[in-house]
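Here's the letter readout for the chains.
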There are 2 protein chains.
Amino acid sequence: MKKWVYSFHEGDGKNKRLLGGKGANLCEMTQIGLHVPPGFVISTEACLAFLGEPAQTLPPGLMEQVRAGITLLEKETGKSFGGRDNPLFVSVRSGSALSMPGMMDTILNLGLNEESMQGLISKTGNLRFAYDSYRRFIQLFGKIALGIPEDAFDTGFSQVKDAAGITDDIDLSADHLAEISQRYREIVSAKTKQPFPQDPYEQLEIAIKAVFLSWMGKRAVDYRREFGITPDMANGTAVNIVAMVFGNMGNDSATGVAFTRDPGTGENVLFGEYLVNAQGEDVVAGIRTPRPIAALQDEMPGIYQELLLLRRQLEDHYREVQDFEFTIEKGVLYCLQTRNGKMNATALVRTSVEMVQSGYIDKKTALLRIQPEMLEQLIYPHLDPQAAVTPIAHGLPASPGAACGIAVFNADRAEQRGMQGEKVILVREETKPEDIHGFFASQGILTSRGGKTSHAAVVARGMGKPCVAGAGGIVVDGQRNSATAGDVEFHEGTLITIDGSTGSVYLGRVPMIEAAFSPELSLLLSWADEMARLKVMANADTPKDAEIAVSFGAMGIGLCRTERMFNASDRLPIMVEMIVAENENDRKNALSRLLPIQREDFKGILQVMGFRPVTIRLLDPPIHEFLPQEQQLTDEIQNLRNLRKVMLGIQTLSESVDFLYRTRDVHPRIQKFADPGLVDEVIKNKEAMLRKVRGLHEINPMLGHRGVRLGLTFPEIYTMQIRAVLEAAAECQIEGLPVNPQIMVPQVCTAQELKRVKEWVEEIKTEVEAQYTVSLSFRFGSMLEVVRACMRAENLAEEAEFFSFGTNDLTQATFSFSREDAENKFLPLYNMSHILQDNPFEVLDVKGVGLLMEHAIKWGRQTRPEMEVGICGEHGGHPASIRFCHKIGLTYVSCSAPRIPVARLAAAHAAIFEGEEIQDRSL
Amino acid sequence: MKKWVYSFHEGDGKNKRLLGGKGANLCEMTQIGLHVPPGFVISTEACLAFLGEPAQTLPPGLMEQVRAGITLLEKETGKSFGGRDNPLFVSVRSGSALSMPGMMDTILNLGLNEESMQGLISKTGNLRFAYDSYRRFIQLFGKIALGIPEDAFDTGFSQVKDAAGITDDIDLSADHLAEISQRYREIVSAKTKQPFPQDPYEQLEIAIKAVFLSWMGKRAVDYRREFGITPDMANGTAVNIVAMVFGNMGNDSATGVAFTRDPGTGENVLFGEYLVNAQGEDVVAGIRTPRPIAALQDEMPGIYQELLLLRRQLEDHYREVQDFEFTIEKGVLYCLQTRNGKMNATALVRTSVEMVQSGYIDKKTALLRIQPEMLEQLIYPHLDPQAAVTPIAHGLPASPGAACGIAVFNADRAEQRGMQGEKVILVREETKPEDIHGFFASQGILTSRGGKTSHAAVVARGMGKPCVAGAGGIVVDGQRNSATAGDVEFHEGTLITIDGSTGSVYLGRVPMIEAAFSPELSLLLSWADEMARLKVMANADTPKDAEIAVSFGAMGIGLCRTERMFNASDRLPIMVEMIVAENENDRKNALSRLLPIQREDFKGILQVMGFRPVTIRLLDPPIHEFLPQEQQLTDEIQNLRNLRKVMLGIQTLSESVDFLYRTRDVHPRIQKFADPGLVDEVIKNKEAMLRKVRGLHEINPMLGHRGVRLGLTFPEIYTMQIRAVLEAAAECQIEGLPVNPQIMVPQVCTAQELKRVKEWVEEIKTEVEAQYTVSLSFRFGSMLEVVRACMRAENLAEEAEFFSFGTNDLTQATFSFSREDAENKFLPLYNMSHILQDNPFEVLDVKGVGLLMEHAIKWGRQTRPEMEVGICGEHGGHPASIRFCHKIGLTYVSCSAPRIPVARLAAAHAAIFEGEEIQDRSL
């Protein structure tokens, strides 16, 4: 006979696949001496056997073993299951190998029936408690095991409460609760056409099947798909059957949830909440707002000391922050469950670092405990404290960080609007496991009820999304899709801001600012740097960007986009002058005025970066990007012509008043209406500009006249930029500053292009060295963002001293997707229908673009074995892509400043995971 | 002492590297018994030794060996070099290993001086001949060896001619010629500040040096660069020194040029021209218009028989059509030179085939004798005989084929305008070797003087460009860049058409039609097919295209573009209706009307092709290509609004008369001015269209929503097309016709896309098979035109049964060049400055795109070893690209119908050259 059932004394605490996470843990907890209520586990094998049977019958022998298990429980507790005297009740709880909070359904107080009710009443003398338990059990069993909609029970409950004029559940009397349970039984009978089952073993069998079935329920399947949980990670759910202990046996009883450390800040203190005279679900579901754990120190000092001891036991054993549930039954503390605590990034960083410092774990463990993406939370902007804004409501700071989006009042709508690309805040009275898809789609969560360990708070923290919970000042009307906060009413679509670090809620968008680095994070990342082989550089275009990048730990600048410098308002007119110039001389004239500006730009950046490399990319975009749009110009010219007609009396003012209105800010001089000649002049200039714009028009600008193609056509642009770089370097050297500039050529497709530019670089170097009497040291390299450059890397490496993959453009070219067109037109469909698993512009396409990169590196290093190769596309900051970059032997990744911490940690992970196969989703 | 000089009796006739083509040939001719004037060759080694010396001195011993050579000539001829009695004169002629017509400078009558003049006069008693020779010698020597500009002499010549009132050179008397030679000597003295050299050996030494130097002259260097002649192919020029024979010794003397067969038609008859009482240069330079060789049969019947014998001797020995020069000196025939005849494609095909048939050569030799590109001449359109056009002039049909372009009157301008992409006809009085760059840039050549063997004719034929020569009715004024033909005057920029097959010249563009296949070409290509491994398919979109393709020997259709079918005027409105449809139903409705149309299209093509494969590509371009342009619509709407205002009396008619004018053909109903409501309706429809156009706008349409991306977004389009293909196949099968359709998916980047489309194909196949009660057999394949598809070929091959490289798109994506933008903006510069050797859209980029293809084939065949892989880009018809396609193991190439003969021959060449390394110019 196959063994399906394991008592907590015998189950292998490490075998989560067999016993589920909770089951294994209960065994482990029992076996390490924690005070856990007695119980046993039905294995996941039983679940799979059950689900595998077409008729879905329990496997042979299972119920016999369950009965034997119950018999043991009866022995340990001295109670009898379903008995009239001293009855035994059990909880029935799911638990798979991986923790899926709220995913599975749980039934409490199983074993209650008319008979055992009498036993419970006579044993405890607490009529109220008994009827409370009874009505809870009927409700849960009815909902979960028999599939009766929950609101059927809610209505019955509210009717009795309203009739009694009671607002707080705790004020309900035994009679009220008896009435409620009577109503609940009637509801069950009416819905199932059968009386409520009285045999406790029948109850148990129905409950076990319901748990098993829930493994294939929509929520569970959705969750597994969303998080990519495959059968080899978790397959089937175990069932945990545990003797009930009661937190609702009076004021010497309580129930609570706690973390061994503060999961919001990481502070090394016991953190949690409890409710006196309540059962566990009251805390989790947020129906009553619980008290902070510290209050227990006064209310039950002895128990509080036991909790501190428990906390110590848990951490000594698990060496990881624990999230545990406890119940106090008539002054006795039971630990019902423990699991690794889900924390936000701040807390995870702090606790991990402190656990290294206290010797609990080693650095590698600490690094691996944090998913790199989480660190972005720490970098995301928080609300600007200077912003003069008044919150419309306050709630609990349930998951730190700030978020802004339109209010949406149910999960389905949140999913819909989120899919359409809107930023959404999910606003609910309270959230339930079935809302999970709404969480995925939202920027943040706001609830009007529930505490820091409510479903909304726990799930939001797990996802790293800001959450304000229990904002009691807000009245949510889910039916009408609106809410009121005092005088303020808001609806679906209203822009709101929440601050999960303070619990404040604001109407509209509140200004946000950058986050600062904690010392723990700095320390952790310094360990990451020790571990990593990949260097992490920044994409930065200004001295200020460079400073921020350095403060985030950038080891250099991997991409400095020189064109961004031309967009500033003092430079753009000169740039435009250069572009519209009709001959080389006029162009050179304009460029000669840009030269000192660029030189100062570069000098500023070089000064910040010092010895660190600064990779300066020569002009990349097509020059028409600096000019006005054709449509704008034709409109302006049309308006000016009409204006002129009015001025000359050809057209009456009334006819053209709309044109006048539209042209009023085209040119200040026109406002005077003084001189049609002035208007003519402006028209003439604009027409010249229009001709230029039309001449520069391109059918496919992404594949057009840009980068080195432009550089070779108008040599004066690149030579100006090269001179600016080298003069900046020379001036820094003269001032005694170490500098490390690198000149990088964009859009290269053949070594010939590099050769030409390199000749200019050599000439200018000689001139600048003579001019400043210095010896310049710098490097010359090439972007690899054109497919042909990758194919010819062996050849390019003869000219280039380094390569940098521009994976944004390279991805566009490799897929033949224009990013903007693709993301607007077909990419959502491709992702939704799994033609592509990911957006290749966010997640590096390992099998296509990645394979090309791998070959390019190989070919390039055939020519120049020690060649440094980096990546400066958006992917440079994406952990999975970083792991791939490490694998194919890149020297560095370069990413935007806020992604640097993520990238540093990801680089360390990549090194730690070296040799392990990369799970790749691309198709 | 190194041997520099070889007499014709001792030189190795095969050693062209040492003796040059002409020199080796003269040796060979002498040694096989042809009547060649005695002479010797100075080796190319001497040339290189001379050029290698910084001071450019003749190598030691050379002049001694030359003197010995001359001494031998004196013995053989009984004449004395520079002597007063019976003087010996020689020609000095360059000749490198490869024939470069007109590239090198030649000096005749060397040895003439005041002394030998007397000898010549006393020997021949022909004063006129003597002075004619003398003035020619001074002129040539002055120009070539002493570098005196030619027009200096021309002026002197014309002055004497004009003063004497003479138009034809032959009418000049001995006195006139004596006067001219006197003037020439004065010109030389004036220009060189020295008397004309009298010592014949001094003359010889100067001439030898001039020949050597001409190897490094601009014209020679240009030619070698243009035709890719590297030092291993030809290095240095030899000098041929030959005893002069005189065609201008009276009316029993003559000079001529002949081909052993007609180089224009290939007809097996002696072909050529001669001038009585003239020297060879008179024929080549086209200064006098010569007589056809047949006339010699009457004038000198004996000599004519000797020429027929000579022709037989030449072909028996060389087994290739010979182009030879001859001179008749006082009734004695000398053969001065022979070389392989440059012929047009028609002649080359015919002579090659006939030489196989007569056993001269084998098939392989015949195939290799023809450059595949030449066959395009045979396919290019010629003038439509139905066109009612009247020529403005007639000339000699000097190189067949027709061409149209703007008249340009000098080579520099032709080069300039040709570089800018204009089609140019070079119009000259006569051309000279220094015009060669103008030939490269022109579509065709027109001269007003010179015969079929004039410089213009020979060079144009060699290049396969149409040429009309000696069109005497045209007076060219090179100074004013214009010409007159009777009453007609035309200028630079005037569009003209020339027909090199008839010699006619037309003003404007004359309609052209396709050429027909000759039986010889069909036979030759059938030999090519036997030899080739690559199959040749056609790109064809209609039954008519398919018929033409089959007539050109297409073995199937490699690319049938279904979208072209939608552009016909009866289909476009339905297509537009489908595109603007607001929902799937309306779209399906429109498509259901397109279905029978497409089915008939496919049926027509399948019927033509029968058992041959027909590869049908599903819709490829973005759908906005079927809609009007945004600008056009906004203009129309603006105009309609103005019209409406007029109709409603808001605006006066006079104000808007221009709008009315411009909108008059927008919509026929509006012309009635009856009902502003009608205008409103039209405006509304146009606005709806405008919204659609704007909604469909793409930033980079080349990388946009097209091909399979579009197909997956709107499944009803592809499913309609698939159904049309399969129904067409079913109907053919029912009619008992064998068919072989192949469905091809464009723009694929991942196997998932193929998988989806394949599911549709399978479903529709089942339906169609049931509907028609047939069993369908067809194949399903993928374009490889996206880089990622190449990288994932291994994976794609699981779904695709064949691949077809779309190298147009693949080249764009690999280079990140948008073709239209590149060719307009920077590609000319890139080619001119040799950053890229070729236009990659014309010549397959072997090292980039080609390398990618090579990998894709390898990866694809890892999955499906026998997979057929083709190419259907423009490159499929380019010989060098075809050779590469053969090398990397493609199954077939597909190209436009007119390229099929080229491709078939190129495929044979590829097979013949298999294993030999491909010379690749890409960078």
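Residues numbered from 1 in each chain as written. Chains lettered and ligands numbered in written order. Predicted model: local features only at pLDDT ≥ 70, side-chain atom pairs only at ≥ 80, totals over all residues. Heavy atoms only, no water.

Undergrad: Mind laying out the environment of F137 of chain B, listing which residues take part and the relevant values?
TA: All names here are of chain B. Structurally, the position occupied by F137 is in helix 5 (residues 127-145). C-alpha of F137 to C-alpha of R899: the two residues are 762 residues apart in sequence and 49 Å apart in space. Other than its neighbours up to four places away in sequence, F137 contacts I107, L108, N109, L110, G111, L112, G142, F196 and Q203. (Helix = DSSP H or I, 4+ residues; strand = E, 2+ residues; numbered from the N terminus. Contact = heavy atoms within 4.5 Å.)

Undergrad: So what about the nonpolar core? Which residues, and what values?
TA: Among the nonpolar cores identified, the biggest contains 303 residues, and V757 and F805 of chain A together with V757 and F805 of chain B are the most heavily contacted of them. Excluding anything up to four places from it in sequence, F805 of chain A contacts L784, C790, L810, M853, A856, I857, V869, G870, I871, C872, G873 and L890 of chain A. Within the second largest apolar cluster, 83 residues are counted, among which are F50, F141, I180 and W215 of chain A. (Core = buried A, V, L, I, M, F, W, Y, C linked by side-chain atoms within 4.5 Å. Buried < 20%, exposed > 50% of the residue type's maximum accessible area, 1.4 Å probe, protein only.)

Undergrad: Let's hear about the pattern of salt bridges: which residues, and what values?
TA: Going through the model one piece at a time under the given rule, you end up with 102 salt bridges over all chains. Here K603 of chain A makes a salt bridge to E735 of chain A, at a shortest N to O gap of 2.9 Å. In this pair, K603 of chain A is assigned in helix 23 (residues 584-609) and E735 of chain A in the loop between helix 28 (715-734) and strand 29 (740-745), connecting sequence segments 132 residues apart. The closest approach of N and O atoms between R561 of chain B and D541 of chain B, which form a salt bridge, is 3.2 Å. Here the residue R561 of chain B occupies a position in strand 27 (residues 557-561), and D541 of chain B occupies one in the loop between strand 26 (535-539) and helix 20 (543-551), the gap between them amounting to 20 residues. Taken as a pair, R561 of chain B and D541 of chain B share a single burial class, namely buried. Look at the salt bridges and you will find they share partners, linking E563, R617, D620, R706 and D809 of chain A into a network. (Salt bridge = Lys/Arg side-chain N within 4 Å of Asp/Glu carboxyl O.)

Undergrad: Tell me about the sheet that holds strand 26 (residues 535-539) of chain A, and please be specific about residues and values.
TA: Residue and element names in this part refer to chain A. Taken together, eight strands build a closed barrel; the order of strands is 26-27-28-29-30-31-32-33 and the barrel is parallel. Strand after strand, the sheet turns through a mean of 30 degrees between neighbouring axes, direction not considered. Where strand 28 (residues 613-617) lies against strand 29, five bridges are found, and the strand directions are parallel. Counterpart to P613 in the pairing with strand 29 is N740. Sheet strands in contact with helix 35 (residues 846-863) are strand 30 (779-784), strand 31 (802-805) and strand 32 (868-871), and its direction is about 175 degrees off that of strand 31. (Pairing = 2+ DSSP bridges. Axes fitted to C-alpha atoms, helices over the stretch in contact; angles between N-to-C directions.)

Undergrad: Describe the interface of chain B and chain A, and please don't skip the residues or the numbers.
TA: With 55 residues of chain B in contact, the opposing surface of chain A contributes 55 residues. When the two sides are added together, the surface that chain B and chain A hide from each other amounts to roughly 4900 Å², 57% of it contributed by carbon and sulfur. Taken together, the links from chain B to chain A amount to two salt bridges. A salt bridge links R788 of chain A to D845 of chain B; the nearest nitrogen and oxygen atoms lie 2.5 Å apart. Of all the secondary structure elements, the ones that give two or more residues to the side of chain B that touches chain A are helix 26 (676-696), helix 27 (707-713), helix 29 (751-772), helix 30 (787-791), helix 32 (807-815), helix 33 (819-825), helix 34 (827-832) and helix 35 (846-863) of chain B. A total of six residues in the side of chain B that touches chain A trace back to one element, the largest contributor, which is helix 35 of chain B. Residues that form the side of chain B that touches chain A fall into these classes: 24 nonpolar, 18 polar and 13 charged. (Buried area = accessible area lost by both parts, 1.4 Å probe. Nonpolar A, V, L, I, M, F, W, Y, C, P; charged D, E, K, R; others polar.)

Undergrad: A description of empty space enclosed by the protein should follow, citing residues and the corresponding values.
TA: Residue and element names in this part refer to chain A. Taken as a whole and assessed by the stated rule, the structure comprises eight cavities of 30 Å³ or more. Each pocket or cavity is described by its volume, and for the second largest cavity that value is around 230 Å³. Around the second largest cavity, the lining is made up of 20 residues, and of these S91, R93, L108, M244 and L336 lie nearest the centre. Elements with a minimum of two residues in the lining of the second largest cavity: helix 1 (16-31), strand 5 (90-96), strand 7 (237-243), helix 10 (280-285), strand 11 (322-329) and strand 12 (332-340). Residues belonging to the lining of the second largest cavity are distributed by class as follows: eight nonpolar, eight polar and four charged. (1 Å grid on protein atoms, 1.4 Å probe; cavity = no way out; pocket = protein on both sides within 12 Å on 5 of 7 lines; lining within 4 Å. Points joined across faces, edges and corners; volume = space filled by probe spheres on them.)

Undergrad: Could you give an account of the relation of the copies chain B and chain A, with specific residues and numbers?
TA: For the pair chain B and chain A, the relating rotation is 179 degrees, the translation along its axis is 0.2 Å, and the fit reaches an RMSD of 0.3 Å. On the angle and the small slide along the axis, the relation comes out as a two-fold axis. Of the C-alpha atoms belonging to chain B, the one lying closest to the rotation axis is found on N700 of chain B, 2.0 Å away. A share of 100% of the interface residues of chain B reappears at the interface of chain A, consistent with the copies meeting face to face through the same patch. (Least-squares fit on C-alpha atoms with pLDDT ≥ 70 in both.)

Undergrad: Please set out the packing of helix 22 (residues 572-580) of chain B against helix 26 of chain B residue by residue, giving values where relevant.
TA: Think of two packed helices as two axes; the pair is described by the angle between the axes and how far apart they sit. Residue and element names in this part refer to chain B. One can describe the packing of helix 22 onto helix 26 by two numbers: an axis separation of 10 Å at closest approach and a directional angle of 70 degrees. Relative to helix 26, the element helix 22 is oriented roughly perpendicular. Touching V576, I579 and V580 of helix 22 are M689, K692 and L696, all from helix 26. Its residues assigned to classes, the contact of helix 22 with helix 26 shows five nonpolar, no polar and one charged. (Parallel < 35°, antiparallel > 145°, perpendicular 65-115°, else oblique.)

Undergrad: Describe the side chain of N700 of chain B, listing the residues and the values that go with them.
TA: Relative to the helices and strands, N700 of chain B resides in the loop between helix 26 and helix 27. Taking the relative accessible area as the measure of exposure, N700 of chain B reaches 3% and is therefore buried. Not counting residues within four places of it along the chain, the set of residues in contact with N700 of chain B comprises I699, N700, P701, M702, L703, S818 and D821 of chain A.

Undergrad: Before we move on, can you summarise the confidence of the model for chain A with the specific residues and values?
TA: Residue and element names in this part refer to chain A. Per-chain confidence: chain A averages 88 in pLDDT, with 93% of residues scoring 70 or above. For the stretch residues 653-662, pLDDT sits under 50, and the model shows eleven contacts to residues farther than four places along the chain or on other chains. This prediction of the complex comes with two scores: 0.74 for pTM and 0.73 for ipTM. (pLDDT = per-residue confidence, 0-100.)

Undergrad: Go over the sheet that holds strand 29 (residues 740-745) of chain B with me, naming the residues and quoting the values.
TA: All names here are of chain B. With parallel pairing, the eight strands of this closed barrel are ordered in space as 26-27-28-29-30-31-32-33. Across this sheet, the average inter-strand angle for adjacent strands is 30 degrees, counted without regard to direction. Sheet analysis places strand 32 (residues 868-871) next to strand 33 (residues 892-896), joined by two bridges and oriented parallel. Within the sheet, the bridge partner assigned to I871 lies in strand 33 and is V893. Against the sheet, helix 28 (residues 715-734) touches strand 28 (613-617) and strand 29, its axis set at about 170 degrees to strand 29.

Undergrad: Which residues make up the packing of helix 13 (residues 345-357) of chain A against helix 19 (residues 519-531) of chain A, and what are the values?
TA: Residues and elements named next belong to chain A. Two elements in contact, helix 13 and helix 19, have axes separated by 9 Å at closest approach and are oriented at 65 degrees. The angle between the axes of helix 13 and helix 19 places the two elements in the roughly perpendicular class. Along this stretch, helix 13 crosses helix 19, giving a crossing that reads as left-handed. Touching V349, R350, V353, E354, V356 and Q357 of helix 13 are E520, L521, L523, L524 and W527, all from helix 19. Each residue belonging to the contact of helix 13 with helix 19 can be placed in one class, and the counts come to seven nonpolar, one polar and three charged. (Left-handed = near helix turned anticlockwise from the far one by under 90°.)

Undergrad: Please provide a residue-by-residue account of helix 35 of chain B, values included.
TA: If you check helix 35 of chain B, its first and last C-alpha atoms are 24 Å apart, about what 18 residues at 1.5 Å a residue would give, namely 26 Å. Among the residues making up helix 35 of chain B, those that are buried are V846, G848, V849, G850, L852, M853, H855, A856, I857, W859 and G860 of chain B. (Expected span 1.5 Å × (residues − 1).)

Undergrad: I'd love a proper account of the environment of G493 of chain A, names of residues and values included.
TA: Residues and elements named next belong to chain A. On the secondary structure map, G493 appears in the loop between strand 22 (488-491) and strand 23 (495-499). On the accessibility criterion, G493 (31% relative accessible area) is partly exposed. Along the primary structure G493 and M565 are separated by 72 residues, whereas in three dimensions their C-alpha atoms are 37 Å apart. Non-local contacts of G493, meaning those with residues more than four positions away in its chain, are made with I406, A407 and R417.

Undergrad: Please give an account of the packing of aromatic side chains that cites residues and values.
TA: Under the definition given, this model contains 34 aromatic pairs over all chains. Aromatic pair F137 of chain A and F196 of chain A: ring centres 5.7 Å apart, planes at 90 degrees, arrangement edge-to-face. Within this pair, whereas F137 of chain A is found in helix 5 (residues 127-145), its partner F196 of chain A is found in the loop between helix 7 (174-192) and helix 8 (200-214), the two being separated by 59 residues in sequence. Ring centres of F817 of chain B and F826 of chain B lie 4.9 Å apart, and the angle between their planes is 75 degrees; this geometry places the pair in the edge-to-face category. For F826 of chain B, a relative accessible area of 0% puts it in the buried group. Every member of this aromatic cluster is reached through a ring pair, and the members are F815, F817, F826 and Y830 of chain A. Just above the ring of W4 of chain A sits the side chain of K2 of chain A; from NZ or CZ to the centre is 5.7 Å. Stacked on the ring of W215 of chain B, the Lys or Arg R224 of chain B has its end atom at 3.7 Å from the ring centre. (Phe/Tyr/Trp six-rings, centres within 6.5 Å; stacked < 30°, edge-to-face > 60°. Lys NZ or Arg CZ within 6 Å of the ring centre and 35° of its normal.)

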